[in-house]
Amino acid sequence: MSRRPLAFVSVLTLGDYVAWNWSLAGSHELPALISGLTLPPLMIALIWLAAVSLMRVLTQTTQHSRALAAKRAAARTRAQDAVEQPATPASGIWKDEQASARSSSKLAA
């Protein structure tokens, strides 16, 4: 979701607040009444949109942190596995030769 509604409602609320202050200072009763009646709903909408945007940012940050932690844990596990069992190209061949030597010694006995 874009942040355009938040920006739009912010501008409307600020404009309404300025109009309300101007009309009160200049003794303009009708504009003061209109802007005074529209200001509370605009403030509620502004607070709501700001809270939703903040929660969205926190959610994205948390999901990003969890994904990063999972990647780090997987890399750490791979590194520990590599240290515990060093990969040598001849290790598989050596095991095969030992197994065949055992089976042939059993046959000879």
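Residues numbered from 1 in each chain as written. Predicted model: local features only at pLDDT ≥ 70, side-chain atom pairs only at ≥ 80, totals over all residues. Heavy atoms only, no water.

Novice: Explain the overall build of the protein to me, please; I cannot follow it from the model alone.
Specialist: Across its full length, the protein holds 3 helices and 0 strands. In the protein, which comprises 109 residues, the share counted as buried stands at 10%. For the protein, the share of sequence-separated contacts (at least 6 apart) that also reach a separation of at least 24 residues comes to 56%. Summing over all exposed atoms, the protein offers an accessible surface of approximately 9000 Å²; the carbon and sulfur share of this is 68%. (Helix = DSSP H or I, 4+ residues; strand = E, 2+ residues; numbered from the N terminus. Buried < 20%, exposed > 50% of the residue type's maximum accessible area, 1.4 Å probe, protein only. Contact = heavy atoms within 4.5 Å. Areas by Shrake-Rupley, 256 points an atom, 1.4 Å probe, with all protein chains shown as cover.)

Novice: Looking at this model, I keep getting lost on the packing of aromatic side chains. Mind explaining?
Specialist: For any pair of aromatic rings, the description consists of the separation of the ring centres together with the inter-plane angle of the planes. Taken as a whole and judged by the stated rule, the model has 1 aromatic pair. For the ring pair Tyr17 and Trp20, a centre distance of 6.2 Å and an interplane angle of 50° mean the geometry is tilted. Taken together, the residues Tyr17 and Trp20, both in helix H1 (residues 4–25) and 3 residues apart, mark about one turn of the helix. Judged by relative accessible area, Tyr17 falls into the partly exposed class, the value being 40%. You can call Trp20 partly exposed: its relative accessible area is 27%. (Phe/Tyr/Trp six-rings, centres within 6.5 Å; stacked < 30°, edge-to-face > 60°.)

Novice: For this particular structure, what's the right way to read unusual backbone geometry?
Specialist: A negative phi holds for most residues other than glycine; trans holds for most peptide bonds. Located in the positive-phi region is Ser27, a residue other than glycine, with phi close to 60°. Tracing the backbone shows Ser27 in the loop between H1 and helix H2 (29–84).

Novice: Can you help me understand the environment of Leu37 in this one?
Specialist: Looking at the secondary structure, you find Leu37 in helix H2. Sequence-wise, Leu37 and Trp20 are 17 residues apart; in three dimensions their C-alpha atoms are separated by 9.6 Å.

Novice: What's the story with the side chain of Ser23 in this structure? I'm lost.
Specialist: Mapping Ser23 onto the fold places it in helix H1. Residue contacts for Ser23: discarding those within four places in its chain leaves His28, Pro31, Ala32 and Ser35.

Novice: I tried to follow the side chain of Thr13 on my own but got confused; where do I start?
Specialist: Considering the arrangement of structural elements, one finds Thr13 in helix H1. There is a polar contact of 3.5 Å between the side chain of Thr13 and the backbone oxygen of Leu42. (Polar contact = N/O pair within 3.5 Å; in protein donor to acceptor, adjacent residues only side chain to side chain.)

Novice: I tried to follow the confidence of the model for the protein on my own but got confused; where do I start?
Specialist: Should the pLDDT be low somewhere, the predicted coordinates at that spot are not to be read in detail. On average, residues of the protein score 81 in pLDDT, and 73% of them reach the 70 mark or higher. Here helix H3 (residues 91–108) stands out as the least confident element of the protein, with mean pLDDT 57; H1 is the most confident, with 95. (pLDDT = per-residue confidence, 0-100.)

Novice: So what exactly am I meant to see when it comes to H1 here?
Specialist: In an α-helix, one full turn covers 3.6 residues, which means residues spaced three or four apart are oriented alike. Across its 22 residues, H1 extends 32 Å between first and last C-alpha, which sits within 8% of the 32 Å expected from 1.5 Å per residue. Note on H1: the residue one or two positions beyond its end, Ser27, has a positive phi of about 60°. (Expected span 1.5 Å × (residues − 1).)

Novice: Would you take a moment to explain a nonpolar patch on the surface for this structure?
Specialist: Taken together, the side chains of Leu30, Leu33, Ile34 and Leu37 define a hydrophobic patch exposed on the protein surface, amounting to about 430 Å² of accessible area. One can find Leu33 in helix H2. (Patch = residues over 30% accessible without salt bridge, like charges linked within 9 Å, V, L, I, M, F, W, Y side chains within 5 Å. Salt bridge = Lys/Arg side-chain N within 4 Å of Asp/Glu carboxyl O.)

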